[in-house]
Amino acid sequence: MDVPCPLLTPTVDFAISLIEKGRNRMLETIDGLSLEQMMRVPTSFRNNLLWNLGHVVTTQQILCYEKSGLPLRVPSYFLAPFRKGTHPGEWTGTMDPEDIETWMMETPKMLREDLHKNIFTTYTPYETSAGVRLASISDAISFVAWHEAQHFGTVLALRKLVAA
């Protein structure tokens, strides 16, 4: 019998729901765009639509799993192109939008499942580049929801520019 997870509080569950809804909205926003449009980096932007989608997955994995001393749930090839401070000009080869979209939708489900399994037992405190100190998996999940909302705004702005 599964032991209830004290970390999956209503507030944490709500934050994961926000992540899921935000990611759904991001995918709806890019629906119908060509690969060329998703790869375009408009003037005054550093990144493209695909980078923003991959970045939210990568950040969630690092802040929730790596900082908890756990293996990441995404393949290792996924991280390098989307870490903080990277940009598409550094990419070698092509990015697969379907792969990125799949991980966007699967990783919040995996996070909820892993919370139910009580695998998050430690957390290495971390201060984000936004100056927010994360001291627990609950802090990380709340921050991820906030971080992804910021990137959704960027996705909306990029969509307008690349679809024009």
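To start, this report covers the structure provided alongside it.

Conventions we followed
Within every chain, residues take consecutive numbers counted from 1 along the sequence as written. In keeping with the model being predicted, local features are shown solely for residues with a pLDDT of at least 70 and side-chain atom pairs are shown and tallied solely at 80 or more, while totals for entire chains, interfaces and linings include all residues. As a rule here, side-chain values come from all non-hydrogen atoms in the structure, and water together with hydrogens is ignored. A run of H or I in DSSP becomes a helix once it reaches four residues, and a run of E becomes a strand once it reaches two; helices and strands are each numbered from the N terminus. Type-normalised accessible area, obtained with a 1.4 Å probe on protein chains alone, sets the label of each residue: buried when under 20%, exposed when over 50%, and partly exposed for intermediate values. Contacts are residue-level and defined by heavy atoms, with any inter-residue pair within 4.5 Å sufficient. Buried residues of nine kinds, namely Ala, Val, Leu, Ile, Met, Phe, Trp, Tyr and Cys, make up a nonpolar core once their side-chain atoms join them within 4.5 Å. In this description, a line fitted to the C-alpha atoms serves as the axis of each element, helices being fitted only across the stretch in contact, and the angle between N-to-C directions of two axes falls anywhere from 0 to 180 degrees. By the definition adopted for this analysis, an angle is roughly parallel if under 35 degrees, roughly antiparallel if over 145, roughly perpendicular if from 65 to 115, and oblique otherwise. The residue classification treats Ala, Val, Leu, Ile, Met, Phe, Trp, Tyr, Cys and Pro as nonpolar and Asp, Glu, Lys and Arg as charged. All others, Gly included, are polar.

What to know about the side chain of Asn-47
Then step 1. Along the chain, Asn-47 turns up in the loop between α2 (35-39) and α3 (49-64).
Then step 2. Take Asn-47: its relative accessible area is 9%, and that puts it in the buried class.
Then step 3. Once you skip the residues sitting within four places of it in the chain, Asn-47 turns out to touch Val-41, Pro-42, Asn-52, Thr-86, His-87, Pro-88 and Leu-158.

With respect to the nonpolar core
Then step 1. The biggest cluster of nonpolar side chains holds 45 residues, and the ones touching the most others in it are Leu-53, Leu-115 and Ile-141.
Then step 2. Those elements that provide at least two residues to this core are α1 (10-30), α3, α4 (97-116) and α5 (137-163).
Then step 3. Leave out the neighbours within four places in its chain, and Ile-141 touches Val-12, Ala-15, Ile-16, Ile-19, Cys-64, Leu-111 and Leu-115.

Concerning the side chain of His-151
Then step 1. Mapped onto the secondary structure, His-151 falls in helix α5.
Then step 2. Residue class for His-151 comes out buried when judged on its relative accessible area of 13%.
Then step 3. When near neighbours in sequence (up to four residues on either side) are disregarded, His-151 contacts Trp-51, Asn-52, His-55 and Val-56.

Looking at the packing of α3 against α5
Then step 1. Orientation of α3 relative to α5, taken along the N-to-C sense of each, is 175°, at an axis distance of 9 Å. Considering the angle they form, α3 stands roughly antiparallel to α5.
Then step 2. Class assignment for the residues of the contact of α3 with α5 results in 14 nonpolar, seven polar and two charged.

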